[in-house]
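# Structural overview for review
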Amino acid sequence: MNINIEERMKHYNVQGLSITLLEGGQISGSKNYGLLEVGSNRKTNEDSIFSACSISKFLTGLLAMKLVDEGFLDLDGDVNESLESWKVPENDFTKNKKVTLRDLLSHQSGIKDPKGSFPELNSKIGVPSMVELLEGRTPYCKTPIIVKYEPESEFHYSDAGFCIIQQLIEDVTEKPFHQVVNEQIFEPLGLTNSHFNITMLDIDRLNFSCGHNKHGEIVGGKYPLYPYPAASGLWTNSLNLAELVLELMNAVKGASKIGISESLAKEMITPQRGKRWTGLGVFLEGSEKELEITSLGWGVGFQCMMVAFPYIEKGAVIMTNTELGVHQLEGIIGEIYKSLLS
């Protein structure tokens with residue numbers, strides 16, 4: 001990398017940063033800078049755990065592919081046939097086309113998140129059930145989730161869609177989402193620094209990073225949690241996230257460690273319904289050998305990015321504990337990303 005990271009961190013008031021690089025289909029190195037908490041002596045190291053925010057959707061995509069392979073889920077069937085605790089309300093838009101898992105994973109289900117919905121956890125309110133959330137009975141999402149456009153007609157980035165995927169996974173496996181992820185992905189891949197089902201009790205441990213604002217100050221609550229695991233609840237380190245990227249790369253060449261078929265791995269990184277930028281749980285740029293996949297995380301106090309070129313077998317995970325208030329590519333993450341590509 002041809003940039004002075006410490007100097008750029010200072011410039012942007014970024015407190016802590018962790019980068020893991022992939023080259024030649026393997027992890028080639030990991031570097032850690034700064035602090036987990038401003039004003040403390042807690043230094044960032046390779047075990048440091050950050051909020052991955054929406055990169056959770058990439059992991060949910062991997063899990064969904066594995067469950068499709070195992071026959072628990074159907075990529076193109078009506079999700080209401082498998083949902084039990086809650087169902088997508090039928091309306092004029094669902095008359096001709098039903099909502100499928102493929103639609104939800106590619107943000108093309110016709111669902112649009114209500115304005116101001118899906119904020120961080122309010123400890124006074126606590127964690128809602130997915131059913132309460134989808135029915136619009138919580139302060140996190142005050143209106144019921146319904147289909148607002150014919151499925152597959154438009155793209156609308158949606159946290160609600162991934163809440164439905166979470167409920168679907170819980171209904172078909174009859175287990176809590178975090179347990180399914182542990183059994184199907186974290187344990188088989190040995191990802192000991194990745195967590196979904198966390199409370200403030202867990203988080204007070206040494207390795208967890210606090211969130212910071214663009215001035216480099218600790219955000220309220222220190223550790224913002226999101227009570228929507230499949231959409232934005234993942235806390236992990238850059239090495240574990242890089243292992244997930246590696247798992248997808250391996251699956252694409254028919255060498256998945258956890259049993260995702262080559263065909264479904266390739267489906268994940270294929271443009272969906274003619275929208276060249278969206279795959280299943282990831283976003284796409286370029287094509288064929290030059291194909292680039294990305295997943296971005298942006299929440300209170302944190303920003304991060306996963307980028308991979310599955311056919312060239314290289315990639316990077318960049319995690320920070322500071323929210324700059326600008327798009328990732330316009331801040332330090334963008335500078336690091338561009339220097340890696342140059």
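Anything mentioned here points back to the structure above.
Residues numbered from 1 in each chain as written. Predicted model: local features only at pLDDT ≥ 70, side-chain atom pairs only at ≥ 80, totals over all residues. Heavy atoms only, no water.

## Description of the packing of helix H2 (residues 56–69) against helix H6 (residues 177–189)
Between H2 and H6, whose axes approach to 11 Å, the crossing angle comes to 75 degrees. Judged by the angle between their axes, H2 and H6 are roughly perpendicular. Residue-level contacts link Leu59, Thr60, Leu62, Leu63, Lys66 and Leu67 of H2 to Phe177, Val180, Val181, Gln184, Ile185 and Phe186 of H6. Across the contact of H2 with H6, the residue classes break down as nine nonpolar, two polar and one charged. (Axes fitted to C-alpha atoms, helices over the stretch in contact; angles between N-to-C directions. Helix = DSSP H or I, 4+ residues; strand = E, 2+ residues; numbered from the N terminus. Parallel < 35°, antiparallel > 145°, perpendicular 65-115°, else oblique. Contact = heavy atoms within 4.5 Å. Nonpolar A, V, L, I, M, F, W, Y, C, P; charged D, E, K, R; others polar.)

## Details of the pattern of salt bridges
Under the definition given, this model contains 19 salt bridges. A salt bridge links glutamate 135 to arginine 137; its shortest N-O distance comes to 2.7 Å. The network of salt bridges with shared partners includes Asp76, Lys97, Arg102, Asp103, Glu150, Glu152, Glu267 and Arg273. (Salt bridge = Lys/Arg side-chain N within 4 Å of Asp/Glu carboxyl O.)

## Considerations on the pairing of strand E7 (residues 302–309)
Burial runs high along E7: eight of the eight residues are buried. Burial along E7 is two-sided: Phe302, Cys304, Met306 and Ala308 facing one way and Gln303, Met305, Val307 and Phe309 facing the other are all buried. Where strand E6 (residues 292–299) lies against E7, seven bridges are found, and the strand directions are antiparallel. For glycine 299, the partnering residue across the bridge sits in E7 and is phenylalanine 302. Here E6 folds back onto E7 in antiparallel fashion, the turn holding two residues, of which glycine 301 has a positive phi close to 85 degrees. Pairing of E7 with strand E8 (residues 314–320), which is carried by seven bridges, proceeds in the antiparallel orientation. (Buried < 20%, exposed > 50% of the residue type's maximum accessible area, 1.4 Å probe, protein only. Pairing = 2+ DSSP bridges.)

## Re helix H11 (residues 332–341)
Within H11, the full set of buried residues consists of Ile332, Ile333, Gly334, Ile336, Tyr337 and Ser339. Summarising the contacts, the buried residues of H11 are in contact with helix H1 (5–12), strand E1 (16–23), E6, E7 and E8.

## Let's talk about the sheet that holds E6
Spatially, E2-E1-E8-E7-E6-E5 is the arrangement adopted by the six strands of the open sheet, whose pairing is antiparallel. Sheet topology places strand E2 (26–34) and strand E5 (283–285) at the edges, where each strand pairs with a single neighbour. Each strand of the sheet is rotated relative to its neighbour by a mean of 15 degrees, with strand direction disregarded. Relative to E2, E1 runs antiparallel, the two sharing eight bridges. Residue pairing for E2: leucine 22 is matched across the bridge by isoleucine 27.

## Quick word on H1
Every buried residue belonging to H1 is among Ile5, Arg8, Met9 and Tyr12, and all of these are buried. Viewed end-on, H1 has its buried residues packed into an arc of 105 degrees, placing them on one side of the element. Along H1, the residues that are exposed and aim more than 90 degrees away from the buried face are Glu6 and Lys10. Lining the buried residues of H1 we find E1, E2 and H11. Backbone nitrogen of glutamate 6 and a side-chain oxygen of the N-cap are separated by 3.3 Å at the start of H1; the cap is asparagine 4. (Arc of directions from axis to C-beta. Polar contact = N/O pair within 3.5 Å; in protein donor to acceptor, adjacent residues only side chain to side chain.)

## Some thoughts on the packing of aromatic side chains
Taken as a whole, this structure holds 10 aromatic pairs when the rule is applied. Taking 5.1 Å as the distance between ring centres and 80 degrees as the angle between the ring planes, the aromatic pair formed by phenylalanine 118 and tyrosine 228 counts as edge-to-face. One end of the pair, phenylalanine 118, is in the loop between helix H3 (101–105) and helix H4 (130–134); the other, tyrosine 228, is in the loop between helix H7 (200–203) and helix H8 (229–232), with 110 residues separating them in the sequence. One aromatic cluster in this structure is built from Phe50, Phe208, Trp235 and Phe302. One cation-aromatic arrangement involves lysine 57 over phenylalanine 162; the distance from NZ or CZ to the ring centre is 5.8 Å. (Phe/Tyr/Trp six-rings, centres within 6.5 Å; stacked < 30°, edge-to-face > 60°. Lys NZ or Arg CZ within 6 Å of the ring centre and 35° of its normal.)

Spatial relationships are all this shows, so hold off on functional conclusions.
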